[in-house]
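Structural characterization, general
Residues per chain, in single letters:
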Amino acid sequence: MIRILGAGVMGLVIASELAARGHPVELVDPEPAPGPHGCSWWAGGMLAPHCERESAEEPVERHGLAAIDWWDRHAGGVQRNGTLVLTLNRDRGELARFARRSTGHRTVDGDQIAALELDLAGRFAAGLFYEAEAHLDPRAALSALRDRLVAQGVAFHRTPPEAAPETLIDARGLAARDRLADLRGVRGEMLVLRCPDVTLSRPVRLLHPRIPLYIVPRGDGVFMLGATMIESDRRGIVTARSLLELLSAAYALHPAFGEAEVLETGADARPAFPDNLPRLRRRGATIFANGLYRHGFLLSPAVAAMAADHLETGITPEFMDEVSR
Amino acid sequence: MPVFYGVEVASPLMLGTAQYPSPAILAEAFRASKAGIATVSLRREQGGGQDFWSLVQGLGARILPNTAGCHTVKEAVTTAHMARELFDTNWIKLEVIGHTDTLQPDVFGLVEAARILTGDGFQVFPYCTEDLTVCGRLLDAGCQVLMPWGAPIGSGLGINNAYGLRSLRAHFADVPLVVDAGIGLPSHAAQAMEMGFDAVLLNTAVAHAGDPAAMARAMALAVEAGRAAHEADPMEPRDMAAPSTPVIGKAFLS
């Protein structure tokens, strides 16, 4: 039996990957179901390996590409409509820089932007379109993974059963700081708006030198806005300043967001290692899978596949930086 | 090498620590540039930034905490006191922002905060404009370093008022002067050093470069070149051509 500690995105994805490969697994999490206690609950759900490359290391793009198919296969609900990257006219230099630092895009003019997103017609003269990217609703995806595992007979325990497992996979996110000294928290803040006056089919990123924003449609006029990146492990409530910045950027994208209802605000701390890349660490019978940073949905399938490969063949995969048996 | 409040610093390059793609890349930039001072902000991290601050303390540079993001004297003074406790230093880079869009310093609040903090035992590095009167008032308030801007923070526009900075250098010949903010390219950093400034402080130009470590090294080279050039007493520019080889005896009249 392989026991997985933590039923956030990392734990659920490893469990699903191992179960799909025929391994017996069980999960341990003090909380009964995915919810606001875990930082993946607050995620944007963008599957955007090309866009992320602008500020992330190369492995993020390479391993992130496979995530779209993985989520479609294991959870469903993946929207393959690409990503639109826009900027206000005075920040046009930001668009050129973003284009230089990423691939998988084509330049779109005002008419092409209007053809993609009718509600943005006449508002932007230039943008970048990343056709191969996708998005999902992270809360629905987490719940789908859990439901499918339960349907397969996988046990979810609130406290660890007495019988010691053969292998323990620690996927507790930031809570694993008690064992992983170089793990730190990076605060992110988000909000959820209802704005029936605006329809978007795909995530839109608004580049801004100070306040970069992304907005992800969740359907039925609901949008998720995110997300700040602050070197702090403070969780809890969003600050007035972040709220102000996120909302003013949304208002710049479309003034109708000024009339939106604020359904929800939230903040949490992402687990990250110093290079902001994930790690697998083997210590005896325990494997740590952690440090997904802002790429929980994008990189968890690759990390899970590496963990499974390691368990099956003993190889030391790319993200494994420590092996002591 | 520059001396601030009696402390000699290993390099005239001062680097900010914000907006890097990751702490690992931040550390590479410091290794590649051997920057002497690392500035670090407190305000946004709201007390949960201990892990990041520990990383910054491991960069091998002297720490200069700042009051970035403060818009009032009270905020800046409170932030400075927090910084002194956290980093165990009397050094503080004092920023009091007066204008949201340009992040231009509020020079009135700056002088007031500098006077309060100097009284509290701080050694203040004020982020200021190149205005001679303001700089004089900051010195009166007890500052022994001045950090005039080259251009607005994060703009990368370089040395916007070369005349003003040159005049500042000439008027305050014995005060350590740092060009802070606006540096976008190594040539801007070199220009500041050629003008006789003691150091340059920059952040975005390195953090937002495609390869921050390579840009940090380029900045270090530029600062070194500019400083060497200043010490070498550069020639004065002139309008008339002056051939470097003799022309007498050559058929130059034909």
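Residues numbered from 1 in each chain as written. Chains lettered and ligands numbered in written order. Predicted model: local features only at pLDDT ≥ 70, side-chain atom pairs only at ≥ 80, totals over all residues. Heavy atoms only, no water.

An unreviewed UniProt entry lists chain B under the name Thiazole synthase, with Paracoccus siganidrum as the source organism. Heading Subunit (unreviewed entry) of the UniProt record for chain B holds this comment: "Homotetramer. Forms heterodimers with either ThiH or ThiS." What UniProt records for chain B under Pathway (unreviewed entry) is the sentence "Cofactor biosynthesis; thiamine diphosphate biosynthesis." (UniProt positions renumbered as here; feature names shortened; annotations may be inferred.)

Chain A has the name D-amino-acid oxidase in an unreviewed UniProt entry, where Paracoccus siganidrum is given as its organism. The Sequence similarities (unreviewed entry) field of the UniProt record for chain A holds the comment "Belongs to the DAMOX/DASOX family." Among the UniProt annotations of chain A, the heading Cofactor (unreviewed entry) holds the following wording: "FAD".

This part takes up the environment of Thr-89 of chain B. All names here are of chain B. Within the secondary structure, Thr-89 is located in the loop between helix H3 (73–87) and strand S6 (91–94). Considering only alpha carbons, one finds Thr-89 and Arg-62, 27 residues apart in sequence, at a separation of 9.8 Å. Residues within four places of Thr-89 in sequence aside, it is in contact with Ile-63, Pro-65 and Arg-84. (Helix = DSSP H or I, 4+ residues; strand = E, 2+ residues; numbered from the N terminus. Contact = heavy atoms within 4.5 Å.)

As annotated in UniProt, the feature "domain: FAD dependent oxidoreductase" (unreviewed entry) corresponds to residues 4–309 of chain A in the numbering used here. With 29% helix and 26% strand, the stretch residues 4–309 of chain A has end C-alpha atoms that lie 16 Å from each other.

Residue and element names in this part refer to chain A. Parsing chain A into structural domains produces domain 1 (2–75 + 136–183 + 275–313) and domain 2 (83–131 + 185–272). Between domain 1 and domain 2, the C-alpha centre-to-centre distance is 26 Å. Counting residues at the interface gives 29 residues for domain 1, matched by 30 residues for domain 2. Summed over both sides, the interface of domain 1 with domain 2 buries roughly 2400 Å², with 58% coming from carbon and sulfur. (Domains from an automatic or database assignment. Buried area = accessible area lost by both parts, 1.4 Å probe.)

Let us look at empty space enclosed by the protein. Across all of its chains, the model carries 1 cavity of 30 Å³ or more by this definition. Taken as a whole, the largest cavity spans an internal volume of roughly 30 Å³. In this structure, the largest cavity is lined by Arg-184, Gly-185, Glu-231, Ser-232 and Asp-233 of chain A together with Gly-48, Gly-49, Asp-51 and Phe-52 of chain B. Counting only elements with at least two residues in the lining of the largest cavity, the list comes to strand S10 (184–194) of chain A together with helix H2 (50–57) of chain B. Here the residues of the lining of the largest cavity are counted per class, giving 1 nonpolar, 4 polar and 4 charged. (1 Å grid on protein atoms, 1.4 Å probe; cavity = no way out; pocket = protein on both sides within 12 Å on 5 of 7 lines; lining within 4 Å. Points joined across faces, edges and corners; volume = space filled by probe spheres on them. Nonpolar A, V, L, I, M, F, W, Y, C, P; charged D, E, K, R; others polar.)

The next point concerns the interface of chain A and chain B. Each partner contributes residues to the interface: chain A has 25 residues there, and chain B has 19 residues. Where chain A abuts chain B, roughly 1800 Å² becomes buried across the two surfaces, and 43% of that area is made up of carbon and sulfur atoms. The interface formed by chain A and chain B includes 2 salt bridges. The partner of Asp-101 of chain B in a salt bridge is Arg-90 of chain A, and the shortest N-O contact between them spans 3.8 Å. Our count for the chain A to chain B interface comes out at 5 residue pairs in polar contact (both at pLDDT 80 or more). Elements with a contribution of two residues or more to the side of chain A that touches chain B: S10 and helix H8 (240–253) of chain A. The residue inventory of the side of chain A that touches chain B, partitioned by class, reads 4 nonpolar, 7 polar and 14 charged. (Salt bridge = Lys/Arg side-chain N within 4 Å of Asp/Glu carboxyl O. Polar contact = N/O pair within 3.5 Å; in protein donor to acceptor, adjacent residues only side chain to side chain.)

Residues and elements named next belong to chain A. What the 8 strands build is an open sheet, ordered S5-S6-S4-S11-S12-S13-S10-S14; its pairing is mixed. Only two strands of the sheet have a single neighbouring strand rather than two, namely strand S5 (106–109) and strand S14 (261–272). Averaged over all adjacent pairs, the angle separating strand axes in this sheet is 25°, with direction ignored. Bridge count between strand S4 (residues 83–87) and strand S11 (residues 204–207): 4 bridges; the pairing is parallel. Looking at the pairing, Leu-86 lines up with Leu-206 of S11. (Pairing = 2+ DSSP bridges. Axes fitted to C-alpha atoms, helices over the stretch in contact; angles between N-to-C directions.)

Attention now goes to the sheet that holds strand S17 (residues 320–324) of chain A. Residue and element names in this part refer to chain A. What the 7 strands build is an open sheet, ordered S8-S2-S1-S9-S16-S15-S17; its pairing is mixed. With partners counted over all chains shown, the strands left at the sheet margins are strand S8 (155–157) and S17, one partner each. Looking at each pair of strands side by side, their axes are set apart by 20° on average, direction ignored. As paired elements, strand S1 (residues 2–5) and strand S9 (residues 167–170) share 4 bridges and run parallel to each other. The residue bridging Leu-5 from the neighbouring strand is Asp-170, located in S9.

Residue and element names in this part refer to chain A. Here helix H1 (residues 9–20) is 12 residues long and its end C-alpha atoms lie 16 Å apart, about the 16 Å a rise of 1.5 Å per residue gives. The buried fraction of H1 is high, at 11 of 12 residues. Along H1, the positions that sit buried rather than exposed are Val-9, Met-10, Gly-11, Leu-12, Val-13, Ile-14, Ala-15, Ser-16, Glu-17, Leu-18 and Ala-19. A positive phi of about 95° marks Gly-22, the residue just after H1. (Expected span 1.5 Å × (residues − 1). Buried < 20%, exposed > 50% of the residue type's maximum accessible area, 1.4 Å probe, protein only.)

Turning our attention to the pairing of S6 of chain B. Residue and element names in this part refer to chain B. Burial along S6 is two-sided: Trp-91 and Lys-93 facing one way and Ile-92 and Leu-94 facing the other are all buried. Pairing of S6 with strand S7 (residues 123–128), which is carried by 4 bridges, proceeds in the parallel orientation. Within S7, the residue paired with Leu-94 across the bridge is Pro-126. The parallel pair S6 and S7 is bridged by helix H4 (residues 107–119), and the resulting crossover is right-handed. (Right-handed = clockwise from strand over helix to strand, strands pointing away.)

Residue and element names in this part refer to chain B. UniProt's entry tags Gly-154, Ala-181, Gly-182, Asn-203 and Thr-204 with the feature "binding site: 1-deoxy-D-xylulose 5-phosphate" (unreviewed entry), counted in the numbering of this structure. These residues run over 51 residues, yet every pair of their C-alpha atoms falls within 9.2 Å of each other. Residues within four places of Asn-203 in sequence aside, it is in contact with Gly-16, Thr-17, Ala-18 and Tyr-20. Residue position: Thr-204 is located in helix H8 (residues 204–207). For Thr-204, the contacting residues outside a window of four places in its chain are Gln-19, Gly-154 and Ala-209.

With that settled, the discussion passes to the packing of aromatic side chains. Residue and element names in this part refer to chain B. According to the stated counting rule, one finds 9 aromatic pairs over all chains in the structure shown. For the pair Trp-53 and Phe-87, a centre-to-centre distance of 6.0 Å together with 70° between the ring planes defines the contact as edge-to-face. You can see Trp-53 sitting in helix H2 and its partner Phe-87 sitting in helix H3, a full 34 residues away along the chain. Accessibility assignment for this pair places Trp-53 and Phe-87 in one class, buried. The interplanar angle of 55° and the centroid separation of 4.9 Å between the aromatic rings of Trp-91 and Phe-125 together place this pair among those described as tilted. Here Trp-91, found in strand S6, pairs with Phe-125, found in strand S7; they are 34 residues apart in sequence, far enough to count as distant. One exposure class covers both Trp-91 and Phe-125, and it is buried. (Phe/Tyr/Trp six-rings, centres within 6.5 Å; stacked < 30°, edge-to-face > 60°.)

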